[in-house]
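# Chains, contacts and geometry: an overview
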Amino acid sequence: MAIIQMIDLTKKFGKLTAVDHLNLSIEEGEIFGFLGPNGAGKTTTLLMLVTVIKPTEGKAIVGGYDITREPDKARQLIGIAFQDPKLMWVMTPWEVLNWHAKVCGLTSSERKERVRWALTELDLWGDRYKSVHAFSGGMRKRVEIAKILIQRPKIAIIDEPTTQIDIVGKHKIWNMIRELKDEGSTIILATNELYEADLLSDRVAIMHRGKLLVCDSPKKLKDSIVGGDLIEIILEKEAPKITIEELKNINRVVEVLVLKPNHLRIYLNRAEEILPQITEFFIKTHLPIRSIRMSEPSLDDVFAHYTGLTIEEAEK
Amino acid sequence: MIKHVLLVAERDVKMFLQYKFILILRALWFLAQIALFGFVANRMVKEDVQIVTGNYFYFYAAGIVITLLYSMAVFISYDIYEEADHGVVEYLLSLPISRRELVLGRAIGGGLRSFLYVAPLMLVVLLMIGMTEPFRILIAFVALFLFAFGVSGMSITIAVSIKSHDRFDILLGVLNAFIVRLSTTMYPVVFMPKQYAVLAQFNPLTYAADIFRWGAGLEATLITNPFLSVLGIILFFSFFTFIGIIFYERRLEGGGWR
Ligand SMILES: Nc1ncnc2c1ncn2[C@@H]1O[C@H](COP(=O)(O)OP(=O)(O)OP(=O)(O)O)[C@@H](O)[C@H]1O
Ligand SMILES: [Mg+2]
């Protein structure tokens with residue numbers, strides 16, 4: 001059953017349409033990932049769901065409550081960890097988290113136990129009485145995440161769960177997010193890290209310029225790109241344009257991306273069968289191969305495919 | 001409902017305690033006002049003033065402590081601006097509490113913290129003047145708490161309406177100039193030109209100063225019946241709490257703070 005439904009959800013800031021007629025349902029108990037380039041409208045969408053900003057048009061139903069008509073009831077079900085930590089600099093993590101837990105209605109024993117647990121797990125226990133003013137960016141982000149992990153709302157929204165966080169911390173937080181799901185929360189994340197989205201999400205939605213481009217499970221999305229397989233080749237010499245055109249004409253090759261003049265990425269179907277043909281092709285054209293690597297497409301490729309933002313483009 | 005309001009208020013009180021520097025300096029300011037200005041002004045004012053006010057020094061001390069209560073209650077807005085800068089406003093709006101509980105809690109918190117801070121200074125003033133009427137003092141304190149609560153509500157209302165820290169600073173400076181000087185905090189109403197005196201009679205600061213002087217037993221200068229002052233204060237705080245809630249809901253949603 002859908003726990004969140006967005007119907008033509010739209011937000012305009014003056015002339016800019018930050019979120020443009022978004023239609024999406026999020027199922028109870030899933031981890032749902034929002035992907036999209038900077039400025040795509042991910043954060044704006046999430047802020048509308050937690051009723052911090054009001055939609056310009058359309059609506060969203062959160063746990064049965066219309067966010068514009070019954071925002072107070074919707075907020076009882078939902079909690080958010082913000083992209084930028086929202087902490088008053090004069091306070092300590094201890095105060096921030098205890099106050100948050102009280103406001104969210106935890107009993108005193110739950111509060112004590114969970115605050116201690118979150119601070120310990122996130123390596124903040126020793127610094128719990130320091131003012132957040134003296135914290136590094138990653139430490140502040142940990143405090144922000146701790147809020148939602150303590151709250152354990154029915155619907156947990158996490159905007160960029162692990163930006164600024166070191167690699168050990170990332171893995172801890174990913175595990176904690178999975179545990180939160182196991183305890184029955186529905187989780188919505190927004191992220192720019194495709195690896196993170198792939199790792200955690202049951203389904204992802206890719207947004208671009210306020211619009212939804214596609215929404216499905218990571219696996220299906222990867223399968224959906226034509227030329228589902230991928231070969232990366234680094235040559236000893238630069239490949240001339242004509243060679244690339246010829247390469248594209250080989251049966252089953254779908255697309256060739258020139259990452260660098262001597263670095264090609266070939267999208268194709270059933271790579272293992274035509275790999276010999278491709279190596280032969282380069283030998284014939286007198287372009288010795290330095291390295292060759294075959295892989296399945298990642299969410300990166302899905303992202304590039306749908307947003308039209310290619311690495312090729314990024315490197316220009 | 002009450003629990004949420006109190007939690008919000010508690011947070012504002014705690015936050016206030018962090019501003020040790022400001023708290024110490026404001027106490028020094030108060031000391032300078034009475035020990036220097038009040039003392040010298042008392043020697044300067046002529047006999048006819050003393051006839052109206054009794055000892056002018058007492059009259060002044062009782063007035064200036066009320067202006068301190070007022071300015072500390074206004075201070076809540078500075079927290080609101082700081083929070084806007086740190087994005088904390090959005091955090092507060094995302095919590096499972098209603099907007100009404102949030103504004104009410106902040107107005108109470110803002111009022112309570114200024115009251116708790118100024119109460120010892122009020123006691124000092126009362127000790128100087130002589131505490132003859134404990135029951136009146138009690139009533140005065142309750143009324144002054146409501147006054148501080150109303151001032152916080154007013155401050156929040158103005159802050160969320162103009163949403164600009166710089167403008168708020170300037171506006172507040174001007175507002176203070178008028179609201180303090182068009183009240184009986186520093187001079188008795190009989191010395192005011194008629195037009196000023198009329199305005200002073202509709203000024204919550206006048207009511208607050210009056211009720212405090214009534215509590216302190218400085219009766220000669222009261223401009224109204226003390227119960228009308230209490231009524232004035234109640235009207236004042238109810239109005240701004242109500243307006244504050246509406247403004248907070250209207251202005252803070254739909255596009256964030258900026
Ligand atoms: N309060 C605001 N006022 C005006 N414009 C805004 C406001 N908030 C967001 N925007 C604009 O709306 C668009 C979407 O922003 P949003 O923060 O939702 O993007 P995002 O997908 O979260 O990006 P990122 O990956 O950088 O976090 C951007 O163009 C941004 O400039
Ligand atoms: Mg964002």
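Residues numbered from 1 in each chain as written. Chains lettered and ligands numbered in written order. Predicted model: local features only at pLDDT ≥ 70, side-chain atom pairs only at ≥ 80, totals over all residues. Heavy atoms only, no water.

The helix and strand tally for chain B stands at twelve helices and zero strands. A principal-axis box enclosing the C-alpha atoms of chain B has dimensions of 60 × 35 × 30 Å. Across the 258 residues of chain B, 59% fall into the buried class. (Helix = DSSP H or I, 4+ residues; strand = E, 2+ residues; numbered from the N terminus. Buried < 20%, exposed > 50% of the residue type's maximum accessible area, 1.4 Å probe, protein only.)

This part takes up the interface of chain A and chain B. Counting from both sides, the interface comprises 27 residues of chain A and, opposite them, 31 residues of chain B. Interface of chain A and chain B: buried area, both sides summed, is about 2,600 Å²; carbon and sulfur atoms make up 63% of it. Ranking the residues of chain A by area buried against chain B places Arg75, Met88 and Trp99 of chain A at the top, with a combined share of 26%. The interface formed by chain A and chain B holds two salt bridges in total. (Contact = heavy atoms within 4.5 Å. Buried area = accessible area lost by both parts, 1.4 Å probe. Salt bridge = Lys/Arg side-chain N within 4 Å of Asp/Glu carboxyl O.)

With that settled, consider the domain arrangement of chain A. Once the domains are mapped, chain A shows domain 1 (2–217) and domain 2 (226–296). For domain 1 of chain A versus domain 2 of chain A, the separation of C-alpha centres amounts to 42 Å. (Domains from an automatic or database assignment.)

Quick look at the pattern of salt bridges now. Scanning the entire structure with this criterion turns up 28 salt bridges over all chains. Between Arg293 of chain A and Glu232 of chain A there is a salt bridge, with the nearest N and O atoms lying 3.5 Å from each other. With a gap of 61 residues between them, Arg293 of chain A in strand β14 (residues 289–295) and Glu232 of chain A in strand β11 (residues 229–235) connect regions that are remote in the sequence. Among the ionic pairs, Arg290 of chain A bridges to Glu236 of chain A, the shortest N-O distance being 3.5 Å. On the criterion of sequence distance, the pair formed by Arg290 of chain A in strand β14 and Glu236 of chain A in the loop between β11 and α9 (241–249) is long-range, its members being 54 residues apart. Taken together, the shared-partner salt bridges in this structure form one network comprising Arg11, Asp12, Glu83 and Arg106 of chain B.

Taken together, 15 residues sit near ligand 1, with Gly39, Gly41, Lys42, Thr43 and Thr44 of chain A positioned nearest. Looking at the residues close to ligand 1, they fall on chains A and B. Notes on ligand 1: free accessible area 640 Å², of which the protein chains cover 64%. Considering every element that reaches the shell around ligand 1, the biggest residue donor is helix α1 (residues 42–49) of chain A, with three residues. When the residues that make up the shell around ligand 1 are grouped by side-chain class, the tally is five nonpolar, eight polar and two charged. (Near = heavy atom within 4 Å. Areas by Shrake-Rupley, 256 points an atom, 1.4 Å probe, with all protein chains shown as cover. Nonpolar A, V, L, I, M, F, W, Y, C, P; charged D, E, K, R; others polar.)

Attention now moves to the coordination of the magnesium ion (ligand 2). Residues and elements named next belong to chain A. Protein coordination at the magnesium ion (ligand 2) comes from Thr43 (OG1) and Gln83 (OE1), with a distance range of 1.9 to 2.2 Å. Of this pair, Thr43 sits in helix α1 while Gln83 is found in the loop between β6 (78–81) and α3 (93–103), placing the two residues 40 residues apart along the sequence. The exposure class assigned to Thr43 is partly exposed, which follows from its relative accessible area of 26%. (Donors = N, O, S within 2.8 Å, 3.2 Å for Na, K, Ca; no water.)

Here we come to the sheet that holds strand β10 (residues 211–216) of chain A. Residues and elements named next belong to chain A. One open sheet accounts for six strands, arranged β6-β7-β8-β3-β9-β10; its pairing is mixed. Only two strands of the sheet have a single partner each, and these edge strands are β6 and β10. Ignoring strand direction, the axes of neighbouring strands in this sheet form an average angle of 15°. Here strand β3 (residues 31–35) runs beside strand β9 (residues 203–208); their pairing, made up of four bridges, is parallel. Note that in β9 the partner of Leu35 across the bridge is Ile206. Here helix α6 (residues 167–182) sits on the sheet in contact with β3, β7 (155–159) and β8 (186–191), set at roughly 150° to β8. (Pairing = 2+ DSSP bridges. Axes fitted to C-alpha atoms, helices over the stretch in contact; angles between N-to-C directions.)

A few words now on the packing of aromatic side chains. Residues and elements named next belong to chain B. Inspection of every chain in the model, using the stated rule, returns 24 aromatic pairs over all chains. When the centroid spacing of 6.0 Å and the interplanar angle of 75° are considered together, the rings of Phe115 and Phe145 count as edge-to-face. Linking Phe115 in helix α7 (residues 99–129) with Phe145 in helix α8 (residues 134–162), this pair joins segments that are 30 residues apart in sequence. Since its relative accessible area comes to 22%, Phe145 is described here as partly exposed. Look at Phe239 and Phe240: their rings are 5.0 Å apart centre to centre, the planes differ by 85°, and that puts the pair in the edge-to-face class. Put simply, the rings of Phe16, Tyr19, Phe75, Tyr78, Tyr81, Tyr117 and Phe168 pair up and form one aromatic cluster. (Phe/Tyr/Trp six-rings, centres within 6.5 Å; stacked < 30°, edge-to-face > 60°.)

So, about empty space enclosed by the protein. Overall, the coordinates contain three cavities of 30 Å³ or more when judged by the stated rule. Looking at the largest cavity, its volume works out to about 70 Å³. Lining the largest cavity, in full, are Lys86, Leu87, Met88, Met91, Val96 and Trp99 of chain A together with Arg11, Val88 and Tyr91 of chain B. Listing elements by their share of the lining of the largest cavity, those giving two or more residues are α3 of chain A together with α6 (88–94) of chain B. (1 Å grid on protein atoms, 1.4 Å probe; cavity = no way out; pocket = protein on both sides within 12 Å on 5 of 7 lines; lining within 4 Å. Points joined across faces, edges and corners; volume = space filled by probe spheres on them.)

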